[in-house]
Amino acid sequence: MRVVLFTGKGGVGKTTLAAATAALLAGSGRSALVVSTDPAHSLGDALDAELGADPTPVAENLWAAHIEARHLLEGAWGELQGHLRTMLAGAGVDELVADELTVLPGVEDLLALVEVQRFADSGEYDVVVVDCGPTAETLRLLTLPEALSGYLERLFPAHRRAVRGLVANLAGAKNDGAGWERTVAALGALADQLAGLRGLLADRSRTSIRLVLTPERVVAAETRRTLTALALHELRVDALMANRVMPGPPPSLRGPAARWLRERATEQQAVLGELEQLAADVPVTAVRYTAAEPTGVGSLRELARSIYGDRDPAGAPEERAPRPLMELRRTAGQGVSADTEFELDVALPGAEDAPLDLARVGDDMVVGIGFSRRMVSLPSVLRRCEATGARLEGTGAHARLVITFVPDPGTWMTS
């Protein structure tokens with residue numbers, strides 16, 4: 001079972017390539033479902049079919065659907081909201097305030113991802129191809145499970161200890177606590193679901209993320225930032241798909257048209273060269289500009305054949321063992337003493353020119369690169385150390401953040 005996600009800057013053709021990939025998979029005899037999580041759905045236009053929230057058969061072995069996350073709000077999340085309102089009302093929170101507090105930012109994105117997982121786990125399809133929204137929305141979609149899971153992980157221990165005492169101390173409370181236990185169970189189920197989603201996205205044997213771009217400098221700059229953000233969250237991109245690559249002019253063509261084609265092709269090749277250096281271990285696939293816009297299953301399948309050739313459209317390319325996100329090394333001193341120094345390397349391809357933001361929160365370090373943030377757990381040996389400096393080293397695929405730590409005198413002297 002494979003899940004293949006396509007994303008990219010708006011207008012680069014990600015919907016067309018997602019639909020083409022699914023059409024070719026279905027033509028090879030595998031059952032394929034292609035779904036759109038993009039609020040501005042255009043998947044039906046690409047397939048030349050009327051689509052709804054339920055999978056619709058489009059061709060033999062091929063189904064398609066539009067995920068309407070707003071319609072899912074009244075289902076499972078509505079039930080959980082009811083449990084949370086009960087808990088807040090019992091604690092004396094005003095009803096209107098409780099309504100505001102139970103509105104979770106990004107819940108629509110989360111529900112869309114839950115729906116993708118439901119399709120993937122149904123056993124009805126060999127491959128689920130996902131036409132995601134534009135890059136910024138997709139980053140939020142892919143990083144939300146981990147962010148919410150971390151929040152619930154911090155909430156649960158205190159919540160589980162306090163909830164029964166809170167019920168017992170409610171003045172005049174007649175509730176036996178069953179409602180509160182249902183709330184705890186619902187939150188626990190949410191935590192498990194978030195962990196499952198994170199596991200699905202991070203499982204490289206099961207999930208592929210493909211960035212679609214056009215070979216233009218503005219688009220390539222956003223692709224660079226996206227690669228860095230996904231690397232920070234340990235989400236692996238297995239292909240860059242450069243769409244609408246112009247061919248060079250035939251030798252017989254002369255004049256302004258030939259000059260324009262030659263200059264345009266040269267500019268695009270320069271951008272593709274930069275992308276190959278940035279993502280040294282991620283293949284860049286060039287998709288030729290087509291004379292007519294491919295719509296309908298037949299045209300999409302023909303396009304996909306020109307892209308993939310004999311390769312498996314759902315298969316992840318062979319790659320070297322991925323470099324871990326963090327590597328720890330001792331740079332000075334022996335044991336844990338005043339003269340010990342550690343360096344923590346964080347692999348962040350393409351981050352050499354990005355603004356850096358760091359903050360220590362207990363045993364975690366909040367790492368911010370550009371518009372992306374992640375809270376990472378520090379290795380145990382660094383939890384009694386303090387960060388004294390940070391720098392960005394290397395370029396392109398080899399760029400990394402290096403954070404320097406020394407023992408905190410207040411801990412190693414008394415240990």
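Structural data are supplied above this passage.
Predicted, not measured: the structure shown is a model, and the values here were computed from it. (Residues numbered from 1 in each chain as written. Predicted model: local features only at pLDDT ≥ 70, side-chain atom pairs only at ≥ 80, totals over all residues. Heavy atoms only, no water.)

From N to C terminus, the protein includes 11 helices and 15 strands. For the protein, the proportion of its 415 residues judged to be buried stands at 46%. When contacts within the protein are restricted to residue pairs at least 6 apart in sequence, those whose partners lie at least 24 apart make up 71%. Looking at the protein as shown, the accessible area adds up to about 20,300 Å², and 52% of this sits on carbon and sulfur atoms. (Helix = DSSP H or I, 4+ residues; strand = E, 2+ residues; numbered from the N terminus. Buried < 20%, exposed > 50% of the residue type's maximum accessible area, 1.4 Å probe, protein only. Contact = heavy atoms within 4.5 Å. Areas by Shrake-Rupley, 256 points an atom, 1.4 Å probe, with all protein chains shown as cover.)

Moving on, we come to the sheet that holds strand E4 (residues 62-66). Pairing is mixed across the open sheet formed by 8 strands, whose spatial order is E3-E4-E2-E5-E1-E6-E7-E8. What marks the edges here is a single partner per strand, and that holds for strand E3 (56-59) and strand E8 (284-288). Neighbour-to-neighbour, the strand axes of the sheet open up by a mean angle of 25°, direction not taken into account. With 6 bridges joining them, strand E1 (residues 2-8) and strand E5 (residues 127-134) adopt parallel strand pairing. Bridged to Phe6 within E5 is Asp131. (Pairing = 2+ DSSP bridges. Axes fitted to C-alpha atoms, helices over the stretch in contact; angles between N-to-C directions.)

Let us look at the packing of helix H1 (residues 14-27) against helix H10 (residues 297-308). Packed helix pairs are characterised by how far apart their axes lie and by the angle those axes make with each other. For the pair H1 and H10, the least separation of the axes is 8 Å and the interaxial angle reads 90°. The orientation of H1 with respect to H10, classified from their angle, is roughly perpendicular. Contacts from Thr16, Leu17, Ala19, Ala20, Thr21, Ala23, Leu24, Ala26 and Gly27 of H1 reach H10 at Val297, Leu300, Arg301, Leu303, Ala304, Arg305, Ile307 and Tyr308. Split by residue class, the contact of H1 with H10 holds 12 nonpolar, 3 polar and 2 charged. (Parallel < 35°, antiparallel > 145°, perpendicular 65-115°, else oblique. Nonpolar A, V, L, I, M, F, W, Y, C, P; charged D, E, K, R; others polar.)

What follows concerns H10. An ideal rise of 1.5 Å per residue puts 16 Å on 12 residues; H10 measures up with 16 Å between its terminal C-alpha atoms. Among the residues making up H10, those that are buried are Val297, Leu300, Arg301, Leu303, Ala304, Ile307 and Tyr308. Projected onto a plane normal to the axis of H10, the buried residues spread over an arc of 160° and lie on a single side. In H10, the exposed residues that point more than 90 degrees away from the buried face are Gly298, Glu302 and Ser306. One or two residues past the end of H10 sits Gly309, with phi positive at roughly 60°. (Expected span 1.5 Å × (residues − 1). Arc of directions from axis to C-beta.)

So, about the pairing of strand E15 (residues 400-407). When you tally the buried positions in E15, you get 7 out of 8 residues, the bulk of the element. Pairing analysis gives 8 bridges linking strand E14 (residues 385-393) to E15, with the strands arranged antiparallel. Pairing of Ala390 across the sheet is with Ile403, part of E15. As consecutive antiparallel partners, E14 and E15 are separated by 6 residues, and within that stretch Gly394 has a phi angle of approximately 75°, a positive value.

A separate point is the pattern of salt bridges. The full count for this structure, using the stated rule, is 19 salt bridges. Here Asp345 and Arg329 are joined by a salt bridge, their closest N and O atoms 3.0 Å apart. Placement of the pair is Asp345 in strand E10 (residues 341-347) and Arg329 in strand E9 (residues 326-332), with a sequence separation of 16 residues. With its nearest N and O atoms 3.6 Å apart, the salt bridge here joins Asp357 to Arg373. On the criterion of sequence distance, the pair formed by Asp357 in strand E11 (residues 356-361) and Arg373 in strand E13 (residues 372-377) is long-range, its members being 16 residues apart. Judged by its relative accessible area of 41%, Arg373 falls in the partly exposed class. Salt bridges linked by common partners bring Arg329, Glu343, Asp345, Arg391, Glu393 and Arg400 together as one network. (Salt bridge = Lys/Arg side-chain N within 4 Å of Asp/Glu carboxyl O.)

Here we take up the nonpolar core. Ranked by size, the top nonpolar core spans 77 residues in total, and within it Phe6, Val35, Leu47, Leu62 and Leu240 carry the most contacts. Contact partners of Leu47, with chain neighbours within four places excluded, come to Ala19, Val34, Val58, Leu62, Ala64, Gly296, Val297 and Leu300. Leu232, Leu325, Phe342 and Val376 belong to the second-largest nonpolar core, a separate cluster that totals 17 residues. (Core = buried A, V, L, I, M, F, W, Y, C linked by side-chain atoms within 4.5 Å.)

We now examine the packing of helix H8 (residues 217-232) against helix H9 (residues 256-278). The interhelical angle for the contact between H8 and H9, taken along N-to-C directions, is 10°, at an axis separation of 10 Å. As far as their axial angle goes, H9 and H8 are roughly parallel. Across the interface between the two elements, Arg217, Ala220, Thr223, Arg224 and Leu227 of H8 pack against Ala270, Val271, Glu274, Leu275 and Leu278 of H9. For the contact of H8 with H9, the class distribution of residues is 6 nonpolar, 1 polar and 3 charged.

This part takes up a negative patch on the surface. Judged by side-chain charge, Asp45, Asp48, Glu50 and Glu293 come together as a negatively charged surface patch. As for its placement among the helices and strands, Glu293 is situated in the loop between E8 and H10. (Patch = residues over 30% accessible without salt bridge, like charges linked within 9 Å, V, L, I, M, F, W, Y side chains within 5 Å. Lys, Arg positive; Asp, Glu negative; His and termini not counted. Charge placed at Lys NZ, Arg CZ, Asp CG, Glu CD.)

Here the focus is the environment of Pro379. Mapped onto the elements of the fold, Pro379 is located in the loop between E13 and E14. As for Pro379 and Leu328, which are separated by 51 residues in sequence, their C-alpha atoms are 8.1 Å apart. In contact with Pro379, not counting residues within four places along its chain, are Leu328 and Leu344.

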